[in-house]
Amino acid sequence: MYVSLVERLNGIQDLPSIPNTLNKVLSELAKESSTPDTIETIIKEDPLLTAKLLQVANSPYYGMAGKISSIARAIVIMGFAEVRNLVVGVSLTTMVTGDLGFEEFKTKDLWLHSVAVATAANKLAQHIPGMDPEEVFTLGIMHDIGRFLQCLYFPNEMRELLKANNGIKNLYPAEEKAGIPHTEIGAYLAHRWKLSELFVEAIRYHHRPQGAGPYTAHASVLFLADQLCKKLQIGWHGEDVDNRLLIPKTLSLSQDIIKGVAIYMKEQKNEIERAWDEVLST
Ligand SMILES: [Fe+2]
Ligand SMILES: [Fe+2]
């Protein structure tokens with residue numbers, strides 16, 4: 001469908017590669033033999049990642065200020081799943097850190113949105129049978145990865161789109177019309193990084209989950225988490241906020257559960273922002 005977009009992306013020589021540690025952690029986790037020890041060994045080889053990880057782990061969001069001095073300790077106190085999420089979040093957010101050159105938003109604000117969506121999607125996934133909440137966290141961190149590439153490689157088109165949209169309103173349909181939707185660009189990158197089909201398709205369809213075929217549930221969780229975070233105005237997302245919450249029918253989530261996650265996100269908003277602010281600024 002987006003043949004010319006794919007051609008343009010194919011022509012980019014310096015497309016970011018998957019962060020080394022993230023790649024190693026994801027392939028280690030895919031093995032049945034992975035344990036907290038093997039993961040810890042990989043993380044420790046990356047001192048910058050370790051430092052940033054401990055910084056977030058010691059933030060008020062996790063309520064253990066100053067107590068976590070090593071990765072091993074973090075795993076004991078916070079649990080393996082939470083540390084794994086942090087590894088994925090911290091290593092991916094170091095991929096793009098510089099100023100993207102847009103006055104409407106900062107790089108940090110785009111990442112903050114991704115972290116918030118990952119957190120909300122992870123909470124929602126905990127109530128969906130058969131879904132792996134940690135995998136969904138990774139999906140959440142990655143869902144808008146195409147936005148960074150739009151800014152980096154198609155800056156003039158982005159600038160025009162933002163101007164035409166007054167900076168924030170319904171950017172996605174405008175991107176589609178212009179032939180550079182962040183969903184397709186993100187799916188392209190996930191494919192290039194050799195991530196699973198689930199990642200490619202859930203990223204491709206996170207704004208239109210009904211098109212995701214066997215991955216509709218995953219795309220729907222992202223879609224719902226995205227809306228919750230937009231409403232709470234965590235980070236920058238480029239869309240006008242609708243008052244209605246569209247809940248995909250395919251998700252068998254009760255109103256109470258969705259409400260519970262929304263309340264959790266509202267309560268944790270400041271802590272999440274604070275926990276990541278410093279890491280994303282350095
Ligand atoms: Fe998006
Ligand atoms: Fe988003």
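About the criteria used
- Residues numbered from 1 in each chain as written.
- Chains lettered and ligands numbered in written order.
- Predicted model: local features only at pLDDT ≥ 70, side-chain atom pairs only at ≥ 80, totals over all residues.
- Helix = DSSP H or I, 4+ residues; strand = E, 2+ residues; numbered from the N terminus.
- Rg over C-alpha atoms; globule rule 2.2 N^0.38 Å.
- Buried ≥ 20, exposed ≤ 12 C-beta atoms within 10 Å, placed from the backbone.
- Domains from an automatic or database assignment.
- Nonpolar A, V, L, I, M, F, W, Y, C, P; charged D, E, K, R; others polar.
- Core = buried A, V, L, I, M, F, W, Y, C linked by C-beta atoms within 7 Å.
- Contact = placed C-beta atoms within 7 Å.
- Arc of directions from axis to C-beta.
- Axes fitted to C-alpha atoms, helices over the stretch in contact; angles between N-to-C directions.
- Parallel < 35°, antiparallel > 145°, perpendicular 65-115°, else oblique.
- Left-handed = near helix turned anticlockwise from the far one by under 90°.

K.L.:
I tried to follow the overall build of the protein on my own but got confused; where do I start?
P.N.:
Along its length, the protein carries 15 helices and zero strands. Expected size for 282 residues packed as a compact globule is a radius of gyration near 19 Å; at 18 Å, the protein falls within 12% of this value. Dimensions of the protein, computed from C-alpha atoms along their principal axes, come out at roughly 50 × 45 × 35 Å. The buried share of the protein, taken over its 282 residues, is 43%.

K.L.:
What am I meant to see in the domain arrangement of the protein here?
P.N.:
Size of an interface, as often reported, equals the accessible area lost when the parts are brought together. Per the domain assignment, the segments making up the protein are domain 1 (3-15 + 99-281) and domain 2 (17-95). With centres defined by C-alpha atoms, the gap from domain 1 to domain 2 works out at 22 Å. Secondary-structure elements contributing two or more residues to the side of domain 1 that touches domain 2 are α7 (107-125), α8 (133-142) and α15 (255-281). Of all the elements, α15 adds the most residues to the side of domain 1 that touches domain 2, at nine residues. Its residues placed into classes, the side of domain 1 that touches domain 2 shows twelve nonpolar, three polar and four charged.

K.L.:
I would appreciate a short explanation of unusual backbone geometry in the present structure.
P.N.:
Phi at Lys 194 takes a positive value of approximately 60°, unusual for a residue other than glycine. On the basis of neighbour count, Lys 194 is assigned to the exposed category, with 12 C-beta atoms found within 10 Å. A positive phi angle is found at Gln 233, which is not glycine, with a value near 55°. Tracing the backbone through its elements, the reader meets Gln 233 in the loop between α14 (216-231) and α15.

K.L.:
Looking at this model, I keep getting lost on the nonpolar core. Mind explaining?
P.N.:
Nonpolar side chains in soluble globular proteins tend to be buried together. Grouped together as the largest cluster of nonpolar side chains are 79 residues, with contacts concentrated most on Ala 120, Ala 121 and Ala 225. Residues lining this core come from more than one domain, with at least three contributed by each of domain 1 (3-15 + 99-281) and domain 2 (17-95). Those residues in contact with Ala 225 that sit more than four places away from it in its chain are Val 117, Ala 120, Ala 121, Leu 124 and Gly 140.

K.L.:
Help me understand helix α5 (residues 71-78) in this model?
P.N.:
Residues separated by three or four positions in an α-helix point in the same direction, a consequence of the helix having 3.6 residues per turn. Where α5 is concerned, the buried positions are Ile 71, Ala 74 and Ile 75. Around the axis of α5, the buried residues are gathered within 100° of arc, so they sit on the same side. The elements touched by buried residues of α5 are α3 (36-44), α4 (47-57) and α6 (80-93). Phi turns positive, to about 95°, at Gly 79, one or two residues after α5.

K.L.:
I keep staring at the environment of Leu 228 and nothing clicks. Help me out?
P.N.:
Position of Leu 228 relative to the elements: it lies in helix α14. For Leu 228, a count of 23 C-beta atoms within 10 Å gives the class buried. As for Leu 228 and Pro 248, which are separated by 20 residues in sequence, their C-alpha atoms are 13 Å apart. Leu 228 has contacts with Ala 120, Val 261, Ala 262 and Met 265, leaving out every residue within four places of it along the chain.

K.L.:
Help me out: how do you make sense of the environment of Ile 257 in this one?
P.N.:
Within the fold, Ile 257 resides in helix α15. A residue is classified by how many C-beta atoms lie within 10 Å of it, and Ile 257, with 16 of them, is partly exposed.

K.L.:
Sorry if this is basic, but what is going on with the packing of α7 against α8 here?
P.N.:
Each pair of packed helices gets described by two things: the angle between the helix axes and the distance between those axes. Across the interface, α7 lies against α8 with an axial gap of 7 Å and an inter-helix angle of 155°. As summarised for this structure, α7 and α8 are arranged roughly antiparallel, according to the angle between their axes. The handedness of the crossing between α7 and α8 is right-handed. From α7, Ser 114, Val 115, Val 117, Ala 118, Ala 121, Asn 122 and Ala 125 reach across to α8, where they touch Pro 133, Val 136, Phe 137, Leu 139, Gly 140 and Ile 141. Per-class residue counts for the contact of α7 with α8 are ten nonpolar, three polar and no charged.

K.L.:
How should the environment of Leu 245 be read in this particular structure?
P.N.:
One can find Leu 245 in the loop between α14 and α15. Taking C-alpha positions, Leu 245 is 14 Å from Ile 257, a pair spaced twelve residues apart along the chain.

K.L.:
I'm lost on the packing of α6 against α8 in this one. Help?
P.N.:
Contact geometry of α6 with α8 gives a least axis separation of 10 Å together with a crossing angle of 20°. Our classification of the angle between α6 and α8 gives roughly parallel. At the point where α6 passes α8, the crossing takes the right-handed sense. Packed against α6, whose contacting residues are Ala 81, Arg 84, Asn 85, Val 88, Gly 89 and Leu 92, the element α8 presents Glu 134, Phe 137, Thr 138, Ile 141 and Met 142 at the interface. Per-class residue counts for the contact of α6 with α8 are six nonpolar, three polar and two charged.

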